[in-house]
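Structure at a glance
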Amino acid sequence: MAEKGKQFYEGKAKKLFTVVGSDDLVIQEFKDDATAFNALKKGSWAHKGEVNCAMSSALFKMLEASGIHTHFVEQLSPTDMLVKKLEIVPLEVIVRNIAAGSFCKRYGAEEGKEFKQPTFEFSYKDDALGDPLINDSHALALELATEDEIDHIRHTALKINDILRAFFRKRGILLVDFKLEFGRHKGEILLGDEISPDTCRFWDAETRKKLDKDRFRQDLGGVEEAYAEMLRRVNETV
Ligand code: UDP
């Protein structure tokens, strides 16, 4: 089994460790800490790290089986995931099926409006700038990615949306929107980061109850229970 080496990075929700004897692999450890609104709001709740690690592992495995190339190697412990080391493309890749969050704020759209087709956007991953919305030509001008990489990321993100949407629909969950990150590994673009209630909006299909980080962002209560419920749904055999 991969041996955990030194911590070399700590983000808001995860820590990254080297793997003893390997330059190609890293271990991401999922924390119980959460932030929202560009870290203006901070919190923490029990089992968040475990839920996000288990759910991300299950979804990465499922996506790999559907032909998506990801950084996932294996889950090492309840909170540790062995992944391929990536040079992260500094773009947050956001796909939306239903209006919520910053889409509503930006355009005055009503929360819950279902789109005829998914939307796609990039944010420039830069905390100091507040992760601003960015278009392709600006991303190219800043040399954040090449034209081919941008095309590949867009195509892959929309394919992932189709796969995830169908997966969650079968489990009585609406996939409202989500954020992905991609990175380069040995000349290939791989899906990285995590897929969890921290990075996706999930609504119960019947009741439209929010089962994601919006419960923390909006002080709705029951955040720990919502995360546990989402893991239960992902693990359901349908
Ligand atoms: N998201 C994320 N990290 C971010 C920003 C957004 O994981 O730094 C996710 C968020 O959880 C949601 C989707 O991306 O599922 C779209 O978020 P939105 O742009 O609406 O921003 P927010 O309302 O979260 O500020």
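Above: the structure in question.
Residues numbered from 1 in each chain as written. Predicted model: local features only at pLDDT ≥ 70, side-chain atom pairs only at ≥ 80, totals over all residues. Heavy atoms only, no water.

1. Quick notes on helix 6 (residues 223–235)
Over its 13 residues, helix 6 runs 19 Å from end to end, which matches the ideal 18 Å to within 8%, given 1.5 Å per residue. Of all the residues in helix 6, the buried ones are V223, A226, Y227, M230, L231, R233 and V234. Down the axis, helix 6 shows its buried residues gathered within 160° of arc, on one side only. Residues of helix 6 that are exposed and point over 90 degrees away from its buried face: E225 and N235. Buried-residue contacts for helix 6 involve helix 1 (48–65), helix 4 (147–169), strand 12 (173–180), strand 15 (200–204) and helix 5 (214–217). (Helix = DSSP H or I, 4+ residues; strand = E, 2+ residues; numbered from the N terminus. Expected span 1.5 Å × (residues − 1). Buried < 20%, exposed > 50% of the residue type's maximum accessible area, 1.4 Å probe, protein only. Arc of directions from axis to C-beta. Contact = heavy atoms within 4.5 Å.)

2. Topic: the pairing of strand 5 (residues 41–44)
The sheet contact formed by strand 4 (residues 33–36) and strand 5 spans 4 bridges and is antiparallel. If you follow A36 over to strand 5, its bridge partner there is K41. Linking two consecutive strands that pair antiparallel, namely strand 4 and strand 5, is a turn of 4 residues; a positive phi of about 55° is found at F37 within it. (Pairing = 2+ DSSP bridges.)

3. Focus: the site of the ligand
The local shell around the ligand holds 15 residues, among which R96, S102, D177, R201 and R217 are the closest. At 2.6 Å, a side-chain N or O of S102 approaches an oxygen atom of the ligand. The separation between an oxygen atom of the ligand and a polar side-chain atom of R217 is 2.9 Å. For the ligand, whose accessible area on its own is 500 Å², the fraction buried by protein is 80%. For the shell around the ligand, the secondary structure elements donating two or more residues are strand 9 (91–98), helix 2 (101–107), strand 12 and strand 15. Tallied by class, the residues present in the shell around the ligand amount to 4 nonpolar, 3 polar and 8 charged. (Near = heavy atom within 4 Å. Polar contact = N/O pair within 3.5 Å; in protein donor to acceptor, adjacent residues only side chain to side chain. Areas by Shrake-Rupley, 256 points an atom, 1.4 Å probe, with all protein chains shown as cover. Nonpolar A, V, L, I, M, F, W, Y, C, P; charged D, E, K, R; others polar.)

4. Notes on the pattern of salt bridges
Taken as a whole and assessed by the stated rule, the structure comprises 29 salt bridges. Here K31 ties to D33 by a salt bridge, and the two come within 3.7 Å at their closest N and O atoms. Take K31: its relative accessible area is 11%, and that puts it in the buried class. The partner of E111 in a salt bridge is K210, and the shortest N-O contact between them spans 3.1 Å. (Salt bridge = Lys/Arg side-chain N within 4 Å of Asp/Glu carboxyl O.)

5. Remarks on the sheet that holds strand 8 (residues 87–88)
With respect to topology, 3 strands assemble into an open sheet ordered 8-13-14, the strand pairing being antiparallel. In this open sheet, the two edge strands, each paired with only one partner strand, are strand 8 and strand 14 (188–191). Relative to strand 13 (residues 182–185), strand 8 runs antiparallel, the two being bridged by 2 bridges. Paired with I88 across the two strands is G183, which belongs to strand 13. Here helix 4 sits on the sheet and contacts strand 13 and strand 14; the angle it forms with strand 13, its principal contact strand, is near 125°. (Axes fitted to C-alpha atoms, helices over the stretch in contact; angles between N-to-C directions.)

6. Concerning the packing of aromatic side chains
By the definition in use, this model includes 8 aromatic pairs. Counting every residue linked through ring pairs, the aromatic cluster contains W45, F216 and Y227. Taking the ring centre of F17 as reference, the NZ or CZ of K4 above it sits at 4.2 Å. Against the face of F167 rests R171, its NZ or CZ located 3.7 Å from the ring centre. (Phe/Tyr/Trp six-rings, centres within 6.5 Å; stacked < 30°, edge-to-face > 60°. Lys NZ or Arg CZ within 6 Å of the ring centre and 35° of its normal.)

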